[in-house]
Amino acid sequence: MNTSPSTTETTKSKANSFLGLQKTWFKKAIKYTWIMFGVIIIGLPLYMFLVSINLFGLFGEMPNVHEIENPKNDLSSELISADGVSLGRYYRSNRNRSQVGFEELSKDLVETLVISEDHRFYEHSGIDIKGLVRAVFGAMTFSHQGGGSTLTQQLAKALFTQNQDNSLDGHLAGLGKWPKRIIQKNKEWIISVYLERNFTKEEILTMYLNTAEYVNQSFGIKVAAENHFQKQPDSLNLQESALLVGMLQNPALYNPAKRPELALSKRNDVLWKVYQHGYKIKTREQYDSISALPLGLNFKVQNENEGMATYFRTIMQNHLLAYCKARNIDLYNSGLRIYTTIDSRLQKYAEESLTEHMATLQKGFTEQWKLRKMDPWLDENGNQFKDFIAKRIKTTPQYKAYVKKWGEGDDSVNLMLKLKKPMKVFSWKGERDTTFNVYDSLNYYKRFLQAGMMAMDPTTGSIKAWVGGINHKFFKFDHVKQQTRQAGSTFKPFVYGLAMDEGYSPCYELYDISPAIPVPGGQWYPPNSDGSKGSGEKMTIRHAMALSINTITAQMMMKVGPQNVVDFAKRCGIESKLDAVPSLCLGVSDVSIFEMVGAYSTFVNSGIHTRPTFISRIEDKNGNVIEAFVPQTREGLNDQTAYKMVHMLRGGVEEEGGTSGGLPRELKIDNEIGGKTGTTNDASDGWYMGITHDLVVGTWVGGDERAIRFPSWTFGQGIKTARPIFANFMLKAYADKESGVVKGRFNQPRSGLPFLGDCSRHNDADSVQVVPTERWKFN
């Protein structure tokens, strides 16, 4: 077949044209390849450099290397018990954050986090190229294949680019959301490289978990573990770790407290990844088994009303604020670790003992007043306080706020006070919903008995337990240190202690008769608790103190003198003002549980007074000790006097009819123990002070104010109101072999045992005879 010349030429022309196109395309391809190469190899690094130096303020400032090495976080300061348990934290604006070290993270938590969020974490240097390419391809093809951010980038983002005040934004950020986000991502890359250069992988993981944000304004894995499981991060198991890791992607969406089904699904997604990577879950059957487990939540958000030692934490906050102010430290974001002397086990037993007893006591208290068809508030003469609530209403915050708004006497004030509103109120059966106005609420709460308790190691001065009230959420006032009340008969040991110091023997005998004591305006005849002026029986002063005989205590006060008793009590550790009057012997002056426990400890500690202490040391966020606290000690008494007083206090248990004789038998077996009850004459206060060789415990029960009385003096006796708290606490402490509290004997004097006398002989010659008629004269 012949082909015409024109056809051949046409074919050649087409071929040449195609070859020309190929050459042109090839040249362009090479050109654009070099351009792309230049952009990637030269332009991108140059651009990143310009971002890092914030050229002309276009990109915004970068944190410097020092800030990257020392990232600034608002860290809550943590209160820690002597046995290493977190008691609570102090933080601002509900931003609860606390740090942990890598060694405080469970292996399950670490592995789950890496597998779920960045399984090539140990292979890359901050930027995962494979992950980045996958993310870009997914975005271009509209097929989500996972994010490209590494854990290091997420940390960089959390630390430096989520600045709420926009202080790191440059001029280009004003162009819109996408330019701002692109620059932010670029900064994340730069910071990630810095982080990888300056920190180990373990440190990066730890920083990431410490800065992670969870629900309820809680930050960091430590707070999250405590809030959701009441655990520390080193105790989290696989499924708990999976839940918390899953929440990281969207804490609100996967909040197990509000959206348990979504949280469970997300947890199981994380567990599926764990299974795919072969960590712990090796078979599908194992996965099905563990994914079927419930969430296992023990959700409780930490606040000032929840958890252990709530009253102690509040008192400590006031103390620490003053301490930090003097040193220019911000308590709420400096990450202090405050190591206290509180023992979490003993604190738990103290709270349980007080709560268990007070719930029962309150029931009897309420029933007794109902039978009398009276309210529990009485005036100075023992008559019904008719306008008690009307007067007290003027002390409430609501009344003061209304008066400030409308003025005193305005009808609106009374109208608002009587306006009923729905509210939750405290009850011993749990919070209950009701509708109250301010009058109703005050009338309701003033009927509750309150209590306080403190336990201390008499040798070291370390406070081991502190319970300031029955419920911190509804009753904020602390009854251990903030409150001072009449001590009643628990003050008597200071009268007898001075007698021991002056040479009297516990066997010294006196008649149970009421002495005539001159006072301004006449004479005072102190009665016994039953109202009588004595039985006329002759008894030793040890027996008299054991039975709490007022008449004999008053006679001893006559012998040693009121001012001398005041001085002696101060030597023991009482700090409150004491009135040097004859009735002081019956405890008419106000004192606190805090100082009474410290003073009784002087007897147990061989006469050495150690002021009660509650902090052992304070560390900064890096673990450096800011200050270690040494107990303040001084010699209050000689060891002979102190030991004789221990012997006197043991009389309450050992003497027939002693007010401590009713302590459970288990406490007395193979154990030396002593104590003193106290009840005020107006039936407002019940006390018990208990001593052992390694613990001194003070308990008080009464109303929020003196006008609130027990139904009778008998009902309000310390033997019934306060002593059971001590007894239950000691039983629990002794039952726990790890509590550190053991039975034993009191320390004997270094100078040898004092001559205590053989009281069975009632030999007055064993005591020093003193005739101090001029010493007790009352002016």
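All values reported here derive from a predicted model rather than from experimental measurement.

This part takes up the sheet that holds strand β22 (residues 696–702). Spatially, five strands are ordered β9-β8-β22-β21-β20 in an open sheet, and the strand pairing comes out antiparallel. Here the strands that pair on one side only, and so sit at the sheet edges, are β9 (463–467) and β20 (674–679). Across the sheet, the axes of successive neighbouring strands diverge by a mean angle of 5 degrees, strand direction being ignored. Sheet topology places β20 next to strand β21 (residues 685–691); six bridges connect them, and they run antiparallel. From the neighbouring strand, threonine 679 faces β21, where its bridge partner is glycine 686.

Note that glutamate 226 resides in helix α8 (residues 221–229). For glutamate 226, a relative accessible area of 4% gives the class buried.

Attention shifts here to the environment of proline 526. Looking at where proline 526 falls in the secondary structure, it is placed in the loop between β13 (522–524) and β14 (538–540). For proline 526, a relative accessible area of 0% corresponds to the buried category. Considered as a pair, proline 526 and asparagine 550 are 24 residues apart in the sequence and their alpha carbons are 6.8 Å apart. Those residues in contact with proline 526, other than ones at most four positions away along the chain, are Ser514, Pro515, Ile517, Thr551 and Ala554.

Taken N-terminus to C-terminus, the directions of helix α3 (residues 107–117) and helix α10 (residues 260–276) make an angle of 90 degrees; their axes are 9 Å apart at the nearest point. Here α3 lies roughly perpendicular to α10, going by the angle between them. The segment α3 lies against α10, with Thr112, Ile115 and Ser116 engaging Val270, Lys273 and Val274. Within the contact of α3 with α10, the residues separate by chemical class into three nonpolar, two polar and one charged.

With that settled, the discussion passes to the sheet that holds strand β18 (residues 625–628). Here five strands make up an open sheet; going across it, the order is β2-β1-β5-β17-β18 and the pairing mixed. Because the sheet does not close on itself, it has two edges, and the strands there are β2 (86–90) and β18. Strand-to-strand twist across the sheet, computed as the mean angle between neighbouring axes with direction ignored, equals 15 degrees. With four bridges joining them, strand β5 (residues 337–340) and strand β17 (residues 615–619) adopt antiparallel strand pairing. Across the sheet, threonine 340 pairs through a bridge with isoleucine 615, a residue of β17. Strands in contact with α8 are β1 (77–80) and β2; relative to β2, the strand with the most contacts, it is inclined by about 120 degrees. Sheet strands in contact with helix α12 (residues 310–326) are β1, β2, β5, β17 and β18, and its direction is about 50 degrees off that of β2.

Within α8, nine of the nine residues are buried, which leaves it mostly tucked inside the rest of the structure. Trailing α8 by a residue or two, glutamine 230 shows a phi angle of about 55 degrees, which is positive.

Turning our attention to helix α9 (residues 238–247). Burial runs high along α9: ten of the ten residues are buried. Among all positions of α9, only Leu238, Gln239, Glu240, Ser241, Ala242, Leu243, Leu244, Val245, Gly246 and Met247 are buried. Along its buried surface, α9 packs onto α3, α8, α10 and α11 (284–291). Between the side-chain oxygen at the start of α9 and the backbone nitrogen of glutamine 239 there is a gap of 3.3 Å, and the oxygen is on asparagine 237.

Right, let's talk about the packing of aromatic side chains for a bit. Enumeration according to the criterion identifies 30 aromatic pairs in this entry. Their ring planes at 70 degrees and their centres at 6.4 Å tell us that phenylalanine 312 and phenylalanine 614 sit as a pair that is edge-to-face. Of this pair, phenylalanine 312 sits in helix α12 while phenylalanine 614 sits in the loop between β16 (608–610) and β17, placing them 302 residues apart in sequence. With relative accessibility at 11%, the residue phenylalanine 614 sits in the buried group. Members of the aromatic cluster, connected to one another through ring pairs, are Phe426, Trp428, Phe436, Tyr444, Tyr445, Phe448, Phe474 and Phe475. It is lysine 481 that lies over the ring of phenylalanine 594; its NZ or CZ is 4.9 Å from the centre. Over the aromatic face of tyrosine 339 sits the side chain of arginine 617, whose NZ or CZ is 3.8 Å from the ring centroid.

By size, the foremost hydrophobic cluster in this structure holds 135 residues, and its most contacted members are Trp466, Phe494 and Phe729. Once residues within four sequence positions are removed from consideration, tryptophan 466 is found in contact with Tyr311, Phe312, Ile315, Ile342, Gln347, Met453, Met454, Asp478, Val480, Lys481, Phe594 and Phe614. Of all hydrophobic cores here, the second largest spans 45 residues; its members include Val110, Val215, Leu243 and Leu248.

All right, on to the side chain of lysine 492 then. With respect to the element layout, lysine 492 can be found in helix α18 (residues 492–501). Of the side chains with opposite charge, aspartate 512 lies nearest to the buried lysine 492, which makes no salt bridge, at 9.8 Å.

A word on the confidence of the model for the chain. Summary statistics for the chain give a mean pLDDT of 87 and a share of 82% for residues scoring 70 or more. Taken as a whole, residues 762–779 scores under 50 in pLDDT and shows 40 contacts with residues more than four places along the chain or in a different chain.

What follows covers the pairing of β9. In terms of residue burial, β9 counts as a mostly covered element, since five of its five residues are buried. Pairing analysis gives four bridges linking strand β8 (residues 450–456) to β9, with the strands arranged antiparallel. Within the sheet, the bridge partner assigned to alanine 455 lies in β9 and is alanine 465. If you look at the hairpin formed by β8 and β9, you'll find six residues sitting between the two strands, and glycine 461 has a positive phi there, around 80 degrees.

Looking now at the pattern of salt bridges. A side chain with one charge may pair with a side chain of the opposite charge, provided their charged atoms come close. One pass over the full model with this rule turns up 34 salt bridges. When the shortest N-O distance is used, the salt bridge between lysine 420 and aspartate 440 registers 2.5 Å. Here lysine 420 is found in the loop between α16 (411–417) and β6 (421–425), whereas its partner aspartate 440 is found in helix α17 (residues 438–445), with 20 residues between them in sequence. On the basis of relative accessible area, lysine 420 is assigned to the partly exposed category, the value being 48%. Connected via shared salt-bridge partners are Arg542, Arg650, Glu654, Glu655, Glu672 and Arg745.

What follows deals with the environment of valine 223. Structurally, valine 223 can be placed in helix α8. The class of valine 223 is buried, set by a relative accessible area of 0%. Each C-alpha atom of the pair valine 223 and glutamate 213 lies 9.8 Å from the other, and the pair is ten residues apart in sequence.

All right, on to unusual backbone geometry then. For serine 606, which is not glycine, the phi dihedral falls at a positive 55 degrees. You can see serine 606 is positioned in the loop between α22 (593–604) and β16. Given the relative accessible area of 11%, serine 606 is considered buried. One non-glycine residue with positive phi stands out, namely aspartate 670, at about 55 degrees. Assignment of secondary structure puts aspartate 670 in the loop between α24 (665–668) and β20.

Calculation rules
Residues numbered from 1 in each chain as written. Predicted model: local features only at pLDDT ≥ 70, side-chain atom pairs only at ≥ 80, totals over all residues. Heavy atoms only, no water. Pairing = 2+ DSSP bridges. Helix = DSSP H or I, 4+ residues; strand = E, 2+ residues; numbered from the N terminus. Axes fitted to C-alpha atoms, helices over the stretch in contact; angles between N-to-C directions. Buried < 20%, exposed > 50% of the residue type's maximum accessible area, 1.4 Å probe, protein only. Contact = heavy atoms within 4.5 Å. Parallel < 35°, antiparallel > 145°, perpendicular 65-115°, else oblique. Nonpolar A, V, L, I, M, F, W, Y, C, P; charged D, E, K, R; others polar. Polar contact = N/O pair within 3.5 Å; in protein donor to acceptor, adjacent residues only side chain to side chain. Phe/Tyr/Trp six-rings, centres within 6.5 Å; stacked < 30°, edge-to-face > 60°. Lys NZ or Arg CZ within 6 Å of the ring centre and 35° of its normal. Core = buried A, V, L, I, M, F, W, Y, C linked by side-chain atoms within 4.5 Å. Lys, Arg positive; Asp, Glu negative; His and termini not counted. Salt bridge = Lys/Arg side-chain N within 4 Å of Asp/Glu carboxyl O. pLDDT = per-residue confidence, 0-100.

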